Amino acid sequence: MNIKQKIILIYFLILPFIDLATSLMTRFTDIMLTPGMIIKGITLLFAIIYIFFFSKSKYKRISIIYCSILILYIILYIGLKKDIWSLSNLIKEGTYGYRYFYYPFVFMGFLNLADDVKLDVTLVKKIISYNALIYAMLIIIPYITNTGFASYYDYYRFEGSVGWFYAANEIGAILTILSVSIYYFLDVSKKYKVLLLIPIFASLTILGTKVGFLGMVIVYFICLIAFIIKEKKKSFLLVCVSLCFLGVATYFSPVSNNIKSVMGNYLPSNEDNINNPNNNDKPNDNKKPENKNNSNKNGNKLIEKIHNFKKLDDFIKNEKIRNAITVIFNGRDIMLVENLNYYLYSGSVNQLFGLSWTDRESIDYTTNNKLIEIDYFDILIHYGIIGFIIYFLPLVVFLFYTIINIKYIKVETYIYLFTILTILGAALLAGHIFSAPAVSIYLILLMIISLFEIDKNKEEKLGGSK
């Protein structure tokens, strides 16, 4: 491991503690500039500077082109909305912009850096395994000492503890990604490593979030299948032990009770939407947009068709399906419809470049519920069709590249890819993936190591066939 790889390892190892410091500062002080914003802001700036001035990677040219397009889009995004040209509005737009555009910029920057330092799977294994245990212990220790914080704002109805962290959905997503470590802890040569699964399962049990626990279970079975394929007969004992751990975790998990609570007496909890250190919007009050007929400063009538698009219940008559949507989206469907009302009648410029995040009387976009917590729709509505296409272009290229090179994918790489798909599903169900730098950095790591492993396998196979 060279010095550059050691720096990357150290950087990832301090991330859990940065998240911890951010949480405690947010809970107990009024300081807006947190350690997380500072460190990850520096990371974002470093990624851009590295691409343009220091990279020697084969990806440099395409990265410069893509980042230049992103920067041009951001300029147009701000330039076409004169009603957000105030200091307070620009600060809010900058805060949300940092959160969302961290992913594409840092992905391109880290892709170049990883290529330059020859990132390998050994380093990634260490990062994933160490960080999984660190996050797990920072949830378990507060739980044991009764010093942790509730995962849900409505903690009288919903159980779970987020440890000393803040946003439960973000921590659940991080632990889901880091559950890839299960594959490494199922080690035939060192059977004692299977005991390290206990804190992983325990932490997600304590956390109590539906998406986090379900994501961990999915990744667990992906790892288990891959392990059985690799080890075959040698895997029987470890498989049985790990299944017992999972069974115990499932038995004690409060997730089933939380789901029953949602089903029995529905009230959107939005576990991360309230007092979220990265969220400047107010809690959801479940109000539909009012049918206003006032006039703006130009004398034009405000949107009158706002009630034409109502709630999803009006279109879904089947009660079982409606109940399923209620449980799955936990109130996000209400916020989705509310924001779609504004988006669909906002005009072509706003549909192309987004509604932004600030109150805009020119299009009557003054609702408090701007954050939907469904990442794909948040990006589409707030950054428009053009922003959506540009934003997800690297992800689309990544998925296309893996499909056309599927014959070069080995078992371990499949684990990364299925985990990525699980997280992309979580971005739809609970959000806080692309909008959370603390989460997206691990998604970036899995995407890049997947690309590198595919390329490595491809070179070996093609080289061996010559």
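Our subject in this report is the structure included herewith. None of the values given here were measured: they were computed from a predicted structure. (Residues numbered from 1 in each chain as written. Predicted model: local features only at pLDDT ≥ 70, side-chain atom pairs only at ≥ 80, totals over all residues. Heavy atoms only, no water.)

## Some words on the overall build of the protein
Next up, step 1: Within the protein, the regular secondary structure consists of 17 helices and 2 strands.
Next up, step 2: Within the protein, residue pairs in contact and separated by at least 24 positions form 77% of the contacts whose partners lie at least 6 positions apart.
Next up, step 3: Accessible surface computed for the protein: about 21300 Å², of which carbon and sulfur atoms make up 66%. (Helix = DSSP H or I, 4+ residues; strand = E, 2+ residues; numbered from the N terminus. Contact = heavy atoms within 4.5 Å. Areas by Shrake-Rupley, 256 points an atom, 1.4 Å probe, with all protein chains shown as cover.)

## Considerations on the pattern of salt bridges
Next up, step 1: The final tally for this structure, using the stated rule, is 6 salt bridges.
Next up, step 2: Of the charged contacts, one joins Asp359 and Lys370 as a salt bridge, the two residues approaching to 2.5 Å between their closest N and O atoms. One end of the pair, Asp359, is in the loop between helix 14 (348-353) and helix 15 (375-404); the other, Lys370, is in the loop between helix 14 and helix 15, with 11 residues separating them in the sequence.
Next up, step 3: Residue classification places Lys370 among the buried residues on the basis of a relative accessible area of 1%.
Next up, step 4: One salt bridge in this structure joins Glu460 and Lys410, with 3.7 Å as the shortest N-O distance. Of this pair, Glu460 sits in helix 17 (residues 437-465) while Lys410 sits in the loop between helix 15 and helix 16 (411-429), and the two are 50 residues apart along the sequence. (Salt bridge = Lys/Arg side-chain N within 4 Å of Asp/Glu carboxyl O. Buried < 20%, exposed > 50% of the residue type's maximum accessible area, 1.4 Å probe, protein only.)

## A few points about the nonpolar core
Next up, step 1: The biggest cluster of nonpolar side chains holds 121 residues, and the ones touching the most others in it are Leu119 and Phe434.
Next up, step 2: With residues up to four places along the chain from it excluded, the contact list for Leu119 reads Gln5, Phe110, Ala114, Val124, Leu445, Ile448, Ile449 and Phe452.
Next up, step 3: Grouped together as the second largest cluster of nonpolar side chains are 13 residues, Met335, Ile363, Tyr365 and Ile372 included. (Core = buried A, V, L, I, M, F, W, Y, C linked by side-chain atoms within 4.5 Å.)

## Some details on the packing of aromatic side chains
Next up, step 1: Under the criterion given, the structure shown has 33 aromatic pairs.
Next up, step 2: Measuring from centroid to centroid gives 6.0 Å for Tyr73 and Tyr77, while their planes differ by 40°, and the two rings are tilted. A residue pair is termed a helical-turn pair when its members lie 3 or 4 positions apart in one helix, as Tyr73 and Tyr77 do in helix 3 (residues 60-79) at 4 residues. Judged on exposure class, the residue Tyr73 and its partner Tyr77 are both buried.
Next up, step 3: Here the basic side chain of Arg27 rests over the ring of Phe149, its NZ or CZ set 3.8 Å away from the ring centre.
Next up, step 4: For the cation-ring pair, Lys370 lies above Tyr365, with the distance from its terminal atom to the ring centre recorded as 5.0 Å. (Phe/Tyr/Trp six-rings, centres within 6.5 Å; stacked < 30°, edge-to-face > 60°. Lys NZ or Arg CZ within 6 Å of the ring centre and 35° of its normal.)

## Examining unusual backbone geometry
Comment: phi is negative for the bulk of residues other than glycine, and the bulk of peptide bonds are trans.
Next up, step 1: Phi is positive for Asn146, which is not a glycine, with a value near 60°.
Next up, step 2: Within the secondary structure layout, Asn146 lies in the loop between helix 5 (121-144) and strand 1 (149-150).
Next up, step 3: In this structure, His432 takes a positive phi of about 60° despite not being glycine.
Next up, step 4: Within the element layout of this structure, His432 appears in the loop between helix 16 and helix 17.

## Considerations on helix 3
Next up, step 1: With 20 residues, helix 3 ought to run about 28 Å at 1.5 Å a step, and its terminal C-alpha atoms sit 28 Å apart, in line with that.
Next up, step 2: Restricting attention to buried positions, one finds in helix 3 the residues Ser63, Tyr66, Cys67, Leu70, Tyr73 and Tyr77. Looking down the long axis of helix 3, one finds its buried residues gathered within 115° of arc, a one-sided arrangement. The outward face of helix 3, more than 90 degrees from its buried face, is lined by the exposed residues Arg61, Leu72 and Ile75.
Next up, step 3: Taken together, the buried residues of helix 3 touch helix 2 (35-54), helix 4 (87-117), helix 14 and helix 15. (Expected span 1.5 Å × (residues − 1). Arc of directions from axis to C-beta.)

## Some points on the packing of helix 5 against helix 6 (residues 168-178)
Next up, step 1: Viewed as axis vectors pointing N to C, helix 5 and helix 6 meet at an angle of 145°, and their least axial separation amounts to 9 Å. Between helix 5 and helix 6 lies a crossing of left-handed hand. For the pair formed by helix 5 and helix 6, the contact residues are Ile128, Asn131, Ala132, Tyr135, Ala136 and Ile139 on the first element and Ile171, Ile174, Leu175 and Leu178 on the second.
Next up, step 2: When its residues are assigned to classes, the contact of helix 5 with helix 6 shows 9 nonpolar, 1 polar and no charged. (Axes fitted to C-alpha atoms, helices over the stretch in contact; angles between N-to-C directions. Left-handed = near helix turned anticlockwise from the far one by under 90°. Nonpolar A, V, L, I, M, F, W, Y, C, P; charged D, E, K, R; others polar.)

## Description of the side chain of Thr22
Next up, step 1: The residue Thr22 is located in helix 1 (residues 3-28) in this model.
Next up, step 2: Among the polar contacts made by the side chain of Thr22, one reaches the main-chain amide nitrogen of Gly36 at a distance of 2.8 Å. (Polar contact = N/O pair within 3.5 Å; in protein donor to acceptor, adjacent residues only side chain to side chain.)

## Here's the deal with helix 13 (residues 332-344)
Next up, step 1: An ideal rise of 1.5 Å per residue puts 18 Å on 13 residues; helix 13 measures up with 18 Å between its terminal C-alpha atoms.
Next up, step 2: Within helix 13, 11 of the 13 residues are buried, which leaves the element mostly enclosed by the surrounding structure.
Next up, step 3: Inspection of helix 13 places Arg332, Asp333, Met335, Leu336, Val337, Glu338, Asn339, Leu340, Asn341, Tyr342 and Tyr343 among the buried residues, and these make up the whole buried set.

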